[in-house]
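A structural walkthrough
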Amino acid sequence: MLSDLRITAVEPLQADAAWAAYTFVKVETDEGITGYAEVTDWRMPSAVAGGVRDLSAALVGRSALAIEQRLQDMHRQSCQGPGGVIQRSIAGIECALLDIKGKALGVPVYELLGGKVRDRIRLYWSHCGTYRARYPELYGKPLKTYADVEALGREVVDRGYTALKTNVVVPGDPARTLNTFDAKDMDFVVSSVVKLIEAFKRGAGERFDTALDLNFHFDTLDVIRIAKALEPYKMLWLEVDSWEPEVIRQITESTSLPVCSAESVNTVREYQRFLDIRAMDVAMFDLPWAGMSACLQIAREAAVKEMPVAPHNYYSHLSTFQNAHMCAVLPNLKIMETDVDSCPWRDEYVTVLPDIRDGHLTVPDTPGWGTELNEEAMAARPWEGNIPF
């Protein structure tokens, strides 16, 4: 009987992602239905995988369909250390259980979430130029000059995208990315940012939606200075991270640019602090890190604040499938992230590729997420323990 579907095994799977590891969760059941989900964390792959192993003790032998109850089991087991890496492990298991339930019922995951409000999702090309600067040997398209950046802008348009996001990329031989840990000369940083955005605009067009992600890399006053310099360019948004919502609000109030933030905040309790004071203009959250239940709750709270949402998604194709189902049900979705440049062999790791045309992703309609992991391909490319720094 469907109600008796029991979990028999929970394990992490890892594979080479060129400069890091892809990390996934695999959940097996006594009826032969297997669920997969992504839980990639470039910096903490072993910790996330270990969390999945530790949490399996609370799951094996229990119902795979009672997902909320399984979430409570995992939260009880980890109640003395909520959030962070542990939440990411929980999120991966939760999403694998959604895959199982969708397959067991013969429905796409979005049907489990209330049904879709859209069939296609607008995408933006993320880390545009970033990976080519850091790993030119993988792409054969080095960014030696700003003319190369301009050409990349034209490539983005030619491939059908209507928006892009980049980091602080400085062309050269070799090109590099900047942050305050290795670039103390803010005059150089600001001028480099302006040249970068101008080059992308020349290539993609003045009206093309362009965003810049500063991550955690710059101090508050430095972010404000960068924002002021970019105000003439009508950006899609300026993205910046901080664990303090008051810091993000200070930045948001200092500039006319839209500010996007909070991708790394993984629990509803912590995220609420940002929403309560409307710290940012666009709310970003991460499905593989926070989990479906948390992301939907955050999105609904953001909708109450009349705030659009834009999920963080820079992993393998499995994460893109997962995000497609979540984005399909979000009324306040602004746009979805995807990496076009990525691990060159990531297509091998899934049985079905995302349907991306004209810069839009078609929501899959097959049961579960709509794709499976190719475990044989993953086993052929094992992760060898290299962590980017």
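The structure we're discussing is the one just above.
The structure presented is a predicted model; accordingly, all values stated were derived computationally and were not measured.

Counting its regular elements, the protein chain contains 15 helices and 14 strands. Whereas a compact globule of 389 residues would reach a radius of gyration of roughly 21 Å, the protein chain reaches 20 Å, a difference of no more than 12%. Expressed along its principal axes, the backbone C-alpha trace of the protein chain runs to roughly 65 × 45 × 35 Å. A burial count over the protein chain gives 59% of its 389 residues as buried.

For the rest of this paragraph, the subject is the pairing of strand 3 (residues 34-38). Extensive coverage of strand 3 is indicated by the burial of 5 of its 5 residues. Relative to strand 3, strand 2 (residues 21-29) runs antiparallel, the two being bridged by 5 bridges. Within the sheet, the bridge partner assigned to Phe24 lies in strand 3 and is Glu38. Remark: 4 residues form the turn of the hairpin made by strand 2 and strand 3, two consecutive strands paired antiparallel; Gly32 in that turn has positive phi of roughly 85°.

Attention shifts here to helix 3 (residues 84-105). End to end, helix 3 covers 32 Å across 22 residues, agreeing with the expected 32 Å (1.5 Å per residue, within 8%). A positive phi of about 75° marks Gly106, the residue just after helix 3.

Under the counting rule described, the total for this entry stands at 13 aromatic pairs. Each ring, one from Tyr271 and one from Phe274, has its centre 6.2 Å from the other, and the planes form 50°; the classification is tilted. Taken together, the residues span about one helical turn, with Tyr271 and Phe274 both in helix 11 (residues 268-276) at a distance of 3 residues. You can call Tyr271 buried: its relative accessible area is 0%. A relative accessible area of 1% means that Phe274 is categorised as buried. Grouping aromatic residues by their ring pairs yields a cluster made of Trp19, Tyr22, Phe24, Trp42, Tyr131, Tyr135, Trp289, Tyr314, Tyr315 and Tyr349. The ring of Trp289 carries Arg88 above its face, with NZ or CZ at 3.6 Å from the centroid.

Among the 5 residues that make up strand 8 (residues 209-213), 4 are buried, leaving the element largely enclosed by the rest of the structure. Of the strand pairs in this sheet, strand 5 (residues 163-166) and strand 8 are connected by 4 bridges, and their pairing is parallel. Looking at strand 8, one finds that Lys165 is bridged to Ala211. Strand direction decides the pairing type here: strand 8 and strand 9 (residues 237-239), joined by 3 bridges, are parallel. Pairing of Leu212 across the sheet is with Leu238, part of strand 9. Since strand 8 and strand 9 lie parallel, the crossover through helix 9 (residues 220-230) that links them has a hand, and here it is right-handed.

Summed over the entire model, instances satisfying the criterion amount to 25 salt bridges. Across the pair Asp99 and Lys103 runs a salt bridge whose closest N-O atoms are separated by 3.0 Å. Separated by 4 residues within a single helix, Asp99 and Lys103 lie in helix 3, roughly one turn from each other. One network of salt bridges, with partners in common, ties together Arg132, Lys141, Glu155, Arg159 and Asp341.

Attention now moves to the side chain of Thr320. Tracing the chain through its elements places Thr320 in helix 14 (residues 317-328). A relative accessible area of 3% places Thr320 in the buried class. Beyond its immediate chain neighbours, meaning those up to four positions away, Thr320 contacts Asn313, Met336, Thr338, Pro354 and Leu361.

Looking now at the nonpolar core. Counting 126 residues, the largest nonpolar core has Ile226, Leu230 and Met280 as its most contacted members. At 10 residues, the largest contribution of residues to this core is made by helix 8 (residues 186-204). In contact with Met280, not counting residues within four places along its chain, are Ile248, Thr252, Val259, Ser261, Ala262, Tyr271, Phe274 and Met307. Core analysis: the next-biggest nonpolar cluster, separate from the first, contains 10 residues, Tyr124, Ala163, Cys260 and Val282 among them.

Definitions and cut-offs
In this numbering scheme, every chain counts its residues from 1 along its sequence in written order. The predicted origin of the model limits local features to residues at a pLDDT of at least 70 and limits the giving and counting of side-chain atom pairs to 80 or more, whereas totals for whole chains, interfaces and linings rest on all residues. Note: side-chain values were computed over all heavy atoms of the structure, leaving out hydrogens and water. By definition, any uninterrupted DSSP run of H or I lasting at least four residues is a helix, any uninterrupted run of E lasting at least two residues is a strand, and each is numbered from the N terminus. For a compact globule the rule gives 2.2 Å times the number of residues to the power 0.38, and the radius of gyration it is set against comes from C-alpha atoms. Partly exposed residues are those whose accessible area sits between 20% and 50% of the maximum for their type, while under 20% is buried and over 50% is exposed, using a 1.4 Å probe and protein chains only. Pairing between strands is defined by DSSP: at least two bridges between them are needed. A helix is expected to span 1.5 Å for every residue after the first. Pairing of aromatic rings covers Phe, Tyr and Trp, the last through its six-membered ring, and needs centres within 6.5 Å; plane angles under 30 degrees mean stacked, over 60 mean edge-to-face, and all others mean tilted. Put simply, a charge is over a ring when the Lys NZ or the Arg CZ is close to the ring centre, within 6 Å, and near the line of the ring normal, within 35 degrees. The handedness of a crossover follows from its direction of travel: if, with the strands pointing away from the viewer, the path from the first strand over the helix to the second runs clockwise, the crossover is right-handed. Salt bridges are defined by distance alone: a side-chain nitrogen of Lys or Arg within 4 Å of a carboxyl oxygen of Asp or Glu. Any two residues whose heavy atoms approach within 4.5 Å are treated as being in contact. Joining through side-chain atoms within 4.5 Å is the link that ties buried Ala, Val, Leu, Ile, Met, Phe, Trp, Tyr and Cys residues into a set, and such a set is a nonpolar core.

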